[in-house]
Amino acid sequence: MASISNIEITHGVAGLVRAEVVRSERISPHFQRVTVTGPDLERWTYQGFDQWFRLAIPVDESHPGFDRLPDRIDMKGYLKYLTMPKATRPVIRNYTVRAYRPEAQELDIDFVVHGTDGVAGPWAEVATPGKQIAFIDQGCGWSPVDDADWFLLVADPSGLPAVAGILRDLPRDARGLAIVELDSLDDAQHVDAPDGVDLHWVIRPEGRKVGELALEHVRDLPFPEGVPYAFAVGEAALATGTRRYLVSELGISKKNVTFCGYWKAGRNSD
Ligand SMILES: Cc1cc2nc3c(=O)[nH]c(=O)nc-3n(C[C@H](O)[C@H](O)[C@H](O)COP(=O)(O)OP(=O)(O)OC[C@H]3O[C@@H](n4cnc5c(N)ncnc54)[C@H](O)[C@@H]3O)c2cc1C
């Protein structure tokens, strides 16, 4: 679950939303797009930007266990979740809404394909139509301060859905810099960014740790004039490293930086 972060959660009001897979396709070498639908999406409110949710994946298809899930993950909800028997307790992982098409009631989730380790990534790769999931809306982490002159967005592949959503939904006169590290240029997506935001795809060379190169770019690229609001997500060291550089070295106020370790190298999210 979300670990090192100052993300303030604006909880959704939909409770537990059940849905099923419509299709799952490999859209690029390291991304699997899973599209889900279901009548529950009607009472869920789409907020755009980096809206995210706790995704519940059944461990036992014949007993998905959704009826016993809490409808929000606060301390009480999480304890309730832990009392479920392990054999039928769905696995919970965090994901971002990549796109929502209300006319078709279809929601896209872009999963990073990261091998056979873990649950969500491998599940997405083989998800077939009809597979059941449920999710609990968590709202947006993006919460810009009013007096920022420009925006800085930093992410690894797991943060691409968030950065793409934010750039798509920013006012068209927004200015800034976005740095997204990928494993391959073929993973770059069309992003509907404001003209004033400079988007840099940074390709990780083999042998380098995830996020290292993106962090180097944060340090090396010339920043626009004025005070930024920054949003840094992805592997924990990238999120905390960006925040440390901005706050400790550049003296930018903590309230101007939202950061979140989306995952930690070598550790699963249980
Ligand atoms: C708010 C939020 C939004 C997120 N949105 C997205 C999203 O839209 N798309 C997305 O792909 N991820 C997203 N993530 C990250 C995702 O929740 C984690 O990557 C999660 O750990 C994946 O679960 P898993 O079951 O596949 O692997 P886990 O069981 O958690 O981990 C198994 C192993 O895989 C490694 N691992 C996990 N994730 C990655 C990765 N991305 N790259 C390389 N190795 C990895 C772990 O270090 C561990 O060694 C988001 C996280 C947060 C907090």
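The rules behind these values
Residues numbered from 1 in each chain as written. Predicted model: local features only at pLDDT ≥ 70, side-chain atom pairs only at ≥ 80, totals over all residues. Heavy atoms only, no water. Helix = DSSP H or I, 4+ residues; strand = E, 2+ residues; numbered from the N terminus. Buried < 20%, exposed > 50% of the residue type's maximum accessible area, 1.4 Å probe, protein only. Contact = heavy atoms within 4.5 Å.

(A) Structural view of unusual backbone geometry. Its identity is not glycine, yet Phe49 carries a phi of approximately 50 degrees, on the positive side. Relative to the assigned elements, Phe49 resides in the loop between strand 2 (31-37) and strand 3 (52-57). Accessibility expressed as a relative area gives 23% for Phe49, which makes it partly exposed. Even without glycine at this site, Gln105 takes up a positive phi of about 50 degrees. Mapped onto the elements, Gln105 comes out in the loop between strand 5 (99-101) and strand 6 (106-112).

(B) Here's a closer look at helix 4 (residues 212-220). For helix 4, the full list of buried residues reads Leu213, Ala214, Leu215 and Val218. Residues of helix 4 that are buried in the fold lie against strand 8 (150-155), strand 9 (176-182), strand 10 (197-203) and helix 5 (236-249).

(C) A look at the side chain of Glu235. Within the fold, Glu235 resides in strand 11 (residues 228-235). When near neighbours in sequence (up to four residues on either side) are disregarded, Glu235 contacts Asp156, Val210, Trp263, Lys264 and Ala265.

(D) Representation of the environment of Phe49. Distance in space between the C-alpha atoms of Phe49 and Ala164 is 8.0 Å, their sequence separation being 115 residues. Non-local contacts of Phe49, meaning those with residues more than four positions away in its chain, are made with Cys140, Trp142, Ala162, Gly165, Ile166, Arg168, Asp169 and Leu170.

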